[in-house]
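Examining the three-dimensional arrangement
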Amino acid sequence: MSDGKKNPAAPLDSGFFEILAQEAIMGIMAFELSSSRCIYSNNLAREILDFPVDTSPDQPPDLILTDLFVPAARGHLRPLSEEILRREGLTQDVLVKKRSGTTFIANVGVRYVRRNDTDEVLLLMFQDITFQKKLQRELTIKQEEIHKAYCDLLEQNRQLRELDLAKDKFVALMTHELRTPLAAIVATSEVIQLKLYDTPEQLEEFSKSIHEQGMHLMELVNDVLDFAKIRAGKMDYYIEQKDIRPLLSQLFENFRLMADQASVEMSIELPETELLCWFDRVRMKEVINNVLSNAIKYNRKEGGRVRVTAAPLENYIRITVADTGQGIAPNKVASVFNEFETVGSVSRHHKGTGLGMPISKRLAEGIGGRLLLSSEIGVGSEFYIDIPVNKVLAEEFYRSRPDDWGDLAA
């Protein structure tokens, strides 16, 4: 019968301790400090370091402690070094070198033990966490991608709400813009139809009014069609190398009457030598017309001025249209080229769709150029039309236009 006392456990032999060390789930190695040579390694340490696993425990891997050192750090990872080995305890995210020369990421534990009165041994324990780190990094990247996608979605929703509001304003503006000339055309044509005029001169004046209002309607429709074609990527370009000066001079003269009626003084300065560049004459004409028209319309100062210059600038020919208008606030400069941004209040809006500048910017970029703006409140604005002097687009864009009118009938 039992007397109630526990039997003492049988003493464990050294062979069992060897089995425990060999089956441990972390690499264990022992190095003799006097020679830095490895004197013991368990199975997992051999496996991680690419040494044969079936080697007898009495035959440790042929390596010294410094064979595990890595020359340099990588990012936030520290290389195994004398500094780390001088401190007992656990160090995380350490780079360790394998027998093959490749590296792995490990959590490293260091202990110093005495084998006898004279020999001290460094006990090195490590876990290979490379796979876990890789998963963690990939998870972090995925989380960042999801966060970015979420932020992008929020931004797209915001832009869609703004665009929806802008489209409502655009519809209101177009209704107002189209109704005004249409009402004038209908009213004037009724006068002619009912013969409510007294002289041939009055008839001619009514006919001229119908023509002017019809041209204004054509401009509105052309703006909308151009914008739709640009958005759909279906705008055709016929780019040729030409001297830009004749086109500039012609368009400048076309705007003299408009400038005189607005009491705006216009001047132009062109060099004597040719300004050869690559552009589509019809599209560039539209860009320059829009810029000159804006410079005159918004030049409301007494004795306002518009100055046009052209000169080489690195890889471009730069046309500068400077006015002495009210100027634009810095936080509003970018909005000049935003689609529908210029719509605002219909009652304060100038004649047109408000798409002139966005269309002009797209057209300038379509030929490989740029349309830029610099402005200062109370001083005025400067538009810069940069036209490339070299071919910068696919060869298919460089061709002759069949005529100047066919493309406008779309």
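Everything here concerns the structure above.
Heads up: these notes are all about the structure in this document. Sequence order as written defines the numbering, with residues in each chain counted from 1. The model is predicted, so local features are restricted to residues of pLDDT at least 70 and side-chain atom pairs to those at 80 or more, both for listing and for counting; the totals for chains, interfaces and linings are taken over all residues. Hydrogens and water are ignored here; the side-chain numbers use all heavy atoms of the structure.

Let's shift gears to the sheet that holds strand S6 (residues 120-128). Pairing between two strands requires that DSSP report at least two bridges joining them. Numbering of helices and strands runs from the N terminus, with a helix taken as a DSSP run of H or I at least four residues long and a strand as a DSSP run of E at least two residues long. Across the sheet, which stays open at both edges, the six strands sit in the order S2-S1-S6-S5-S4-S3 with mixed pairing between neighbours. Each edge of the open sheet is held by one strand with a lone partner, namely strand S2 (38-41) and strand S3 (78-79). Sheet topology places strand S4 (residues 89-97) next to strand S5 (residues 103-114); seven bridges connect them, and they run antiparallel. Considered in S5, the bridge of Val94 is made with Ala106.

So, on to the environment of Asp386. Following the sequence through the fold, Asp386 ends up in strand S13 (residues 380-388). Along the sequence, Asp386 and Tyr316 sit 70 residues apart, while their C-alpha atoms lie 5.6 Å from each other. Look past the residues within four positions of Asp386 in its chain and what remains in contact with it is Leu313, Tyr316, Ile317, Arg318, Gly369, Arg370 and Leu372. Of note is the side chain of Asp386, whose polar atom sits 2.8 Å from the side chain of Arg318. What qualifies as a polar contact is a pair of N or O atoms within 3.5 Å, subject to a donor-acceptor requirement within protein and to the restriction that residues adjacent in sequence count only when both atoms come from side chains. Within the structure, the side chain of Asp386 is placed 2.7 Å from the side chain of Arg370, a separation counted as a polar contact. Should any heavy atoms of two residues lie within 4.5 Å, those residues are considered in contact.

Attention now goes to a nonpolar patch on the surface. Patches draw on residues past 30% relative accessible area with no salt bridge. Two like charges within 9 Å are joined, as are two nonpolar side chains (Val, Leu, Ile, Met, Phe, Trp, Tyr) within 5 Å. Each accessible area value is a Shrake-Rupley result obtained with a 1.4 Å probe; residue values ignore everything except the protein chains displayed when judging cover. One side-chain nitrogen of Lys or Arg within 4 Å of one carboxyl oxygen of Asp or Glu is enough to make a salt bridge. Judged by side-chain polarity, Phe16, Phe17, Ile19 and Leu20 come together as a nonpolar surface patch covering roughly 380 Å² of accessible area. Its place among the elements puts Leu20 in helix H1 (residues 14-22).

Working definition: a ring pair exists when centres of Phe, Tyr or Trp rings (six-membered ring for Trp) sit within 6.5 Å. Plane angles under 30 degrees give stacked, over 60 give edge-to-face, the rest tilted. Counted by the stated rule, this structure contains four aromatic pairs. When the centroid spacing of 6.4 Å and the interplanar angle of 55° are considered together, the rings of Tyr237 and Phe397 count as tilted. A residue pair is termed long-range when its members are at least 10 positions apart, and Tyr237 in the loop between helix H5 (200-231) and strand S7 (240-243) and Phe397 in the segment after S13 qualify at 160 residues. Throughout, exposure labels follow a simple rule: accessible area from a 1.4 Å probe, protein chains only, divided by the maximum for the residue type, with under 20% read as buried, over 50% as exposed, and the rest as partly exposed. Classification of Phe397 as partly exposed rests on a relative accessible area of 26%. Measuring from centroid to centroid gives 5.3 Å for Trp278 and Tyr398, while their planes differ by 85°, and the two rings are edge-to-face.

A fitted line through C-alpha atoms serves as each axis, taken over the contacting stretch for helices, and the angle formed by two N-to-C directions is quoted from 0 to 180°. Closest axis-to-axis distance for the helix H8 (residues 281-297)/helix H9 (residues 356-366) pair is 9 Å, and the angle between their directions is 145°. Note that H8 runs across H9; the crossing there is left-handed. From H8, Arg283, Glu286, Val287, Asn290, Val291 and Asn294 reach across to H9, where they touch Gly356, Met357, Ile359, Ser360, Leu363 and Ala364. Three residue categories are used. Nonpolar comprises Ala, Val, Leu, Ile, Met, Phe, Trp, Tyr, Cys and Pro, charged comprises Asp, Glu, Lys and Arg, and polar comprises the others, including Gly. Its residues assigned to classes, the contact of H8 with H9 shows six nonpolar, four polar and two charged. Definitions for this section: a left-handed crossing has its near helix turned counterclockwise from the far helix by less than a right angle. A right-handed crossing has that turn clockwise.

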